[in-house]
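Per-entry structural report
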Amino acid sequence: MPSRSLAASPRVNGTPQLRLSALVRQMASSSASSSQSKQETLPGKLSSQNENAAPPVLFRSELNTRTYVLNRPKQLNALDQSMLELLKSKIEEWEQSPRCHVIIGTGNGRAFCAGGDVKTIVENLQKGNPETGIKFFQEEFELDYALARLKTPYIAILDGVTMGGGVGLSINAMFRVATENTVFAMPETKIGYSPDVGASFFLPRLDGALGTYLGLTGETLRGREVFESGIATHYVASHRLPALLERLNNLDKPTPEMINDALEEFHSERLSDEPRSTVAGSRRKAVDMTFSGSSVEDIMRALTELANQHGHPESGWAKETLETLELRSPTSLLVAFEALREGRQQTLGQALSTELGIATAYCTGASPDFVTGVKALLIDKAQGRPAWAPNKIEGLSPSKVLSNFFSRDSPFLRKVPKASFTEPESLSFPTDPMKFSLPSEEEIGRLVRGEHPSSASTAFSLEELLQKAQELWGKQGAEAKVKDIVSRRCEVVPQSGMQEAHVRWIH
């Protein structure tokens, strides 16, 4: 995020407001000169738990809030082993502290976190050392699980690139704040791997087939559409973040509802020149139509059929999406699809266990594509499609792939470690991670169909439906979402005789 001069900064309570990047630089400067302590940092004091001049994670304690800042900006805050250890220790400390009422996560530079350090993992695999990678994935997933289970309200500020490991740190947070700088993706199939960090739990719970689309293609969502799709719970312009953080810090014994009210107050309305969502309207209809298939082959057939409908407004998109899938690792597509299918019925702990098995299988040779993809795209930075093996989805034996990656008897799963989330558990989130998101398409559908407890089988006009949605959810952005869903999945029936005009669900 570009810096901005103090003179040009907006004012809060008569005081010049620094941008978030400037605050982070202040933290880094303070960290380099401050003495380190193993005790919880006193309010207003910064710690890094690292005596290096540029610690990979910064920590700050102020009044009600405890903040971590990922601090490897040149690497887009990609997670390495030391960062996982620092975060796990501090998060555990904060969760036990009676003085910690809110935990905030953010990143220095133009990324929240662009992923995990897979280059190091692959370099170790090439040396015949799979244990390093397996340990990294285990500890990364355990951290993601611990963050998801926090009783303390947790706010992830996604002000920049948020991919892979960064999604794991944030996706099950009670509050997830997108800005105009947010770039979200789970791009694992690009590198011959499969969406992990709990994505197989979260993505299938997005509306329609959106999660399958994002998980298989690795495509990005940007800015407001990250909020509109339900991935973020709130949308705040980046220049307002310092004021928001100050407000959160000054809340007296904040409850989740108080935090939500503060975030709603800072919501930024759509600007007239702001780009429209790339996954709304006819595009969303096309995503749902093509990515709802029961197999990767079904999806590709549906895309081919749509691409050949030259008069269809989304035929070009279907052609481009088909080309995108053909660039991905065929094995990864099959593994990712199965993980997303299973994850729809799993708890987070079960999904992470499945994902740890997949990661272990990749590290122990179930497919060469992970090494091939990372080496080609991230190490050698080669152009063109990596040399996947098999090279085409037609060359795969689905039963063999599923056996290698998912069967308990697979020789590639023998080294799966015992992790904290593999214990028998019935995951009960302290707060549902979707509680403060926009209402889901299914919730709105129940309201329209008269199946919602508050609808009393009433047929609503569009105006009544919007009013009811505001009464139920009272959330910024809800009206726009209801209108989009009505345009795609409903028809407005005109008045006829004694029957008033009303909205009817047709899809």
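Heads up: the structure comes first, above all this text.
Here we summarise the structure given alongside this text. Residue numbering note: each chain is counted from 1, following its sequence as written. Given that this is a predicted model, residues contribute local features only at a pLDDT of at least 70 and side-chain atom pairs are listed and counted only at 80 or more, while totals for whole chains, interfaces and linings are drawn from all residues. The basis for every side-chain value is the complete set of non-hydrogen atoms in the structure, without hydrogens or water.

**Brief notes about the packing of helix 2 (residues 81–96) against helix 4 (residues 130–148)**
Between helix 2 and helix 4, whose axes approach to 10 Å, the crossing angle comes to 30°. The orientation of helix 2 with respect to helix 4, classified from their angle, is roughly parallel. Handedness of the helix 2/helix 4 crossing: left-handed. Contact residues: Gln81, Leu84, Glu85, Leu87, Lys88 and Ile91 in helix 2; Lys135, Phe136, Glu139, Glu140, Leu143 and Leu147 in helix 4. Between N-to-C directions, angles span 0 to 180 degrees; the directions come from axes that are lines fitted to C-alpha atoms, helices contributing only their stretch in contact. In this text, helices come from DSSP runs of H or I with a minimum length of four residues, and strands from runs of E with a minimum of two, each type numbered from the N-terminal end. These descriptions rest on fixed angle ranges, namely under 35 degrees for roughly parallel, over 145 for roughly antiparallel, 65 to 115 for roughly perpendicular, and the rest for oblique. Left-handed is the label given to a crossing in which the near helix is rotated counterclockwise from the far helix by less than a right angle, and right-handed is the label when the rotation is clockwise. Here, residues are in contact when the closest pair of their heavy atoms is within 4.5 Å.

**Here we look at the side chain of Ser97**
Of note, Ser97 is situated in the loop between helix 2 and strand 6 (102–107). A polar side-chain atom of Ser97 sits 3.2 Å from the main-chain amide nitrogen of Arg99. Contacts described as polar in this section are N or O atom pairs within 3.5 Å, which, within protein, must combine one atom able to donate a hydrogen with one able to accept it, while residues neighboring in sequence count only if both atoms come from side chains.

**Re the packing of aromatic side chains**
Within a pair of aromatic rings, the relevant descriptors are the distance that separates the centres and the angle that separates the planes. Aromatic rings from Phe, Tyr and Trp, with only the six-membered ring used for Trp, were paired whenever their centres fell within 6.5 Å, and each pair was classed as stacked if the ring planes differed by under 30 degrees, edge-to-face if by over 60, and tilted otherwise. On inspection of all chains with the given rule, the structure shows 14 aromatic pairs. Feature note: the residues Phe136, Phe137, Phe141, Tyr193, Tyr362, Phe370 and Phe405 constitute an aromatic cluster, connected by ring pairs.

**Thoughts on unusual backbone geometry**
The omega torsion across Ala389 and Pro390 is -5°, close enough to zero to call that bond cis. Within the fold, Pro390 resides in the loop between helix 16 (369–379) and helix 17 (398–406). Positive phi values are uncommon outside glycine, yet Leu76 reaches one of about 55°. One non-glycine residue, Lys253, lies in the positive phi region at around 45°.

**A look at the sheet that holds strand 7 (residues 111–113)**
Any two strands with at least two DSSP bridges between them are considered paired. Overall, mixed pairing links the four strands, which are arranged 7-9-11-12 in an open sheet. Edge positions in the sheet fall to strand 7 and strand 12 (221–222), since each of these pairs with one other strand and no more. In terms of strand pairing, strand 11 (residues 183–185) meets strand 12 through two bridges, oriented antiparallel. Among the inter-strand pairings, Val183 is bridged to a residue of strand 12, identified as Arg222.

Purely geometric stuff here, so don't read any function into it on its own.
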